[in-house]
Amino acid sequence: MQRARELPENRRDSVEQVTLSVGYEDTSAFRKMFIKHTGLSPGQHRALFGIPASENGLPPFDR
């Protein structure tokens, strides 16, 4: 989960890309685990670092 927290902080990948890069195949399961471990959704976590969800034409991190 540490790597999952770091990716949204440092990169602008979609949640689907982050999900796959940390070894999850199911985005929904990844989001649930992320919230369980951090208390925030991936998009909320990313917002803490000032990275807009739709920057560079990417879809929003949270849907």
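Since the structure is predicted, the reported quantities are computational estimates derived from the model, not experimental observations.

**A short note on the packing of aromatic side chains**
Applying the stated rule across the entire model yields two aromatic pairs. With a centroid separation of 5.7 Å and 70° between ring planes, the pair formed by tyrosine 24 and phenylalanine 30 is classed as edge-to-face. When its relative accessible area of 25% is taken as the criterion, tyrosine 24 is described as partly exposed. Overall, phenylalanine 30 belongs to the buried group, its relative accessible area being 0%.

**So, helix α3 (residues 27-38)**
Over its twelve residues, α3 runs 16 Å from end to end, which matches the ideal 16 Å to within 8%, given 1.5 Å per residue. Those residues of α3 that fall on the buried side of the exposure criterion are Thr27, Phe30, Arg31 and Phe34. Angularly, the buried residues of α3 cover 100° about the axis, an arc narrow enough to put them on a single face. When the buried face of α3 is taken as reference, the exposed residues oriented beyond 90 degrees from it are Lys32 and Lys36. Where α3 starts, the residue carrying a side-chain oxygen 3.0 Å from the main-chain nitrogen of serine 28 turns out to be aspartate 26. Following α3 by one or two positions, glycine 39 adopts a phi angle in the positive range, close to 80°.

**Here's the deal with the environment of phenylalanine 30**
Within the secondary structure, phenylalanine 30 sits in helix α3. With twelve residues separating them along the chain, phenylalanine 30 and valine 18 place their C-alpha atoms 9.1 Å apart.

**Details of the confidence of the model for the protein chain**
Summing up the model confidence of the protein chain, the mean pLDDT is 76 and the portion of residues at 70 or higher is 62%. Across the protein chain, the secondary-structure element scoring lowest on mean pLDDT is helix α1 (residues 2-10), at 62, and the one scoring highest is α3, at 92.

What counts and what doesn't
- Residues numbered from 1 in each chain as written.
- Predicted model: local features only at pLDDT ≥ 70, side-chain atom pairs only at ≥ 80, totals over all residues.
- Heavy atoms only, no water.
- Phe/Tyr/Trp six-rings, centres within 6.5 Å; stacked < 30°, edge-to-face > 60°.
- Buried < 20%, exposed > 50% of the residue type's maximum accessible area, 1.4 Å probe, protein only.
- Helix = DSSP H or I, 4+ residues; strand = E, 2+ residues; numbered from the N terminus.
- Expected span 1.5 Å × (residues − 1).
- Arc of directions from axis to C-beta.
- Polar contact = N/O pair within 3.5 Å; in protein donor to acceptor, adjacent residues only side chain to side chain.
- pLDDT = per-residue confidence, 0-100.

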